[in-house]
Amino acid sequence: MSEALQTNFNDVEAEGRIMLIKNPLGNGSEYYGRFNRRMVNTRTLIARIQARKAGTNELNVQQIAGFLKEEALAALRNGEAVNVLDLGTFYITPKGKYDGTGFVTEDGSKPLQVKCTPSQLTQNTVENIHITDISYSGRGIKIKSIYNKFTELEDGILTRGKEVRITGEKLKIGGKDSGIFLCPVDENTEVVSNEEMWTQCTHITANTSSSLEFYIPDVIDTGTKYKILVRTAYMGKDKNDRKNMLKAMSKVVSIAE
C-alpha cells in the first residue's frame, strides 16, 4: 500500500493539499506529487464573473463559452492544435508502441490522444502559493471532497432532499453499524456526542471505495450546521467485518432548501 505525505497550503483566495505518494517502482524519486484539487466548472466561473463584473449577462457569457468549446473541438477534429485563451495549448500526440507499421495500444483503443501544455501565463499564477503545513496521511478512511450534485458546487452548502457525492479513500460502507451520518456541531464546531441527535442518510445510490453518493434526508434541519461522518467496517469482498470501525469526518457543511 502506498505511503503518502500530505502538504497543506493557504493563500488569500485558496487552500488545498499536495499529496506526495511513495514511488512503488523503487527508483528515481522517492515520492511523486499529486495535487488534490477542488473542481470549478463553467457555471461557477460565470457566477464569479457576475460577482466581479456588475451587469454581466449570464446567458451571453454561457453562449460565448459554448461557441468557443464547439470551435476548439472542431479544430482538434481537423488535426489542429488549439491555444485556449492563452491558458494552454491542446495538441494531438500518438500513444502506444510503434510496431514498425503503426502505433499499437494495449487496450485496442485509437492510437491518438489529446494533451495540454499550460502557457507561461498559467504557470505564473501558482508562483505565490506558500506551504504552511506538512503532515503524513494515515492509511485509513479519508474524505477529500463534498460535491452538491444539485447545485454542481463544492462550496460546503448541501440541498435538502438532493443528492451529494463524497470522494476519498476507503469509503465503501459495509458491516454492522456502518453508514453515513449528518452530525450537528456546537459553537466550537465540535460534533455533538449524543448520537440520538445524528441523522443517518439511508438513501445511498453509489457505494465504492473512492466515492459515495447519497441523498440528504427531507427531514434534516436547515438551521443547523453539520459534519458528515462516514463509518464503515467493510473489509473487502468475501471477508469478515473489521474489528475496529473506520471513521472519517468532513469539514462543517450547512443545509439549504
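Up top you'll find the structure we're talking about.
Below is a short write-up of the structure. (Residues numbered from 1 in each chain as written. Predicted model: local features only at pLDDT ≥ 70, side-chain atom pairs only at ≥ 80, totals over all residues. Heavy atoms only, no water.)

Tallied over the entire structure, the rule returns two aromatic pairs. When the ring of Tyr98 is compared with that of Phe103, the centres are 5.5 Å apart and the planes differ by 55 degrees; the resulting orientation is tilted. Across the ring face of Tyr234, the terminal group of Lys172 is positioned such that the distance to the ring centre comes to 5.4 Å. (Phe/Tyr/Trp six-rings, centres within 6.5 Å; stacked < 30°, edge-to-face > 60°. Lys NZ or Arg CZ within 6 Å of the ring centre and 35° of its normal.)

A cluster of nonpolar side chains, Ile64, Leu68, Leu85, Leu87 and Leu121, forms an exposed patch at the surface whose accessible area comes to about 510 Å². Tracing the sequence through the fold places Ile64 in helix 2 (residues 58-77). (Patch = residues over 30% accessible without salt bridge, like charges linked within 9 Å, V, L, I, M, F, W, Y side chains within 5 Å. Areas by Shrake-Rupley, 256 points an atom, 1.4 Å probe, with all protein chains shown as cover. Salt bridge = Lys/Arg side-chain N within 4 Å of Asp/Glu carboxyl O. Helix = DSSP H or I, 4+ residues; strand = E, 2+ residues; numbered from the N terminus.)

Take the sheet that holds strand 15 (residues 204-207) next. One open sheet accounts for four strands, arranged 10-12-16-15; its pairing is antiparallel. On the outer flanks of this sheet lie strand 10 (142-148) and strand 15, each paired with one strand and no other. Ignoring which end each strand starts from, the neighbouring axes of this sheet average 15 degrees apart. The sheet contact formed by strand 12 (residues 163-169) and strand 16 (residues 211-215) spans five bridges and is antiparallel. Bridge pairing links Glu163 to Tyr215 in strand 16. (Pairing = 2+ DSSP bridges. Axes fitted to C-alpha atoms, helices over the stretch in contact; angles between N-to-C directions.)

This brings us to the nonpolar core. In globular proteins that are soluble, nonpolar side chains generally tend to be buried together. Of all hydrophobic cores here, the largest spans 22 residues; its most connected members are Ile146, Leu158, Ile166, Phe214, Ile216, Ile228 and Val230. Where this core is concerned, the elements lending two or more residues are strand 10, strand 12, strand 13 (179-184), strand 16, strand 17 (225-232) and strand 18 (246-256). It is strand 18 that provides the largest number of residues to this core, a total of four residues. Contacts of Ile146, omitting those with residues within four sequence positions, involve Leu153, Glu154, Leu158, Val164, Arg165, Ile166, Ile228, Ser250 and Val253. (Core = buried A, V, L, I, M, F, W, Y, C linked by side-chain atoms within 4.5 Å. Buried < 20%, exposed > 50% of the residue type's maximum accessible area, 1.4 Å probe, protein only. Contact = heavy atoms within 4.5 Å.)

Where helix 1 (residues 42-52) meets helix 2, the closest approach of the two axes is 10 Å, and the angle between their N-to-C directions is 135 degrees. Classified by the interaxial angle, the pair formed by helix 1 and helix 2 is oblique. Helix-helix and strand crossings are classified by hand; for helix 1 and helix 2 the assignment is right-handed. In this structure, helix 1 contributes Thr42, Ile46, Ile49 and Gln50 to the contact, and helix 2 contributes Glu58, Val61, Gln62 and Ala65. Broken down by class, the residue content of the contact of helix 1 with helix 2 amounts to four nonpolar, three polar and one charged. (Parallel < 35°, antiparallel > 145°, perpendicular 65-115°, else oblique. Left-handed = near helix turned anticlockwise from the far one by under 90°. Nonpolar A, V, L, I, M, F, W, Y, C, P; charged D, E, K, R; others polar.)

From the geometry alone we can't say anything about function, so treat these as descriptive.
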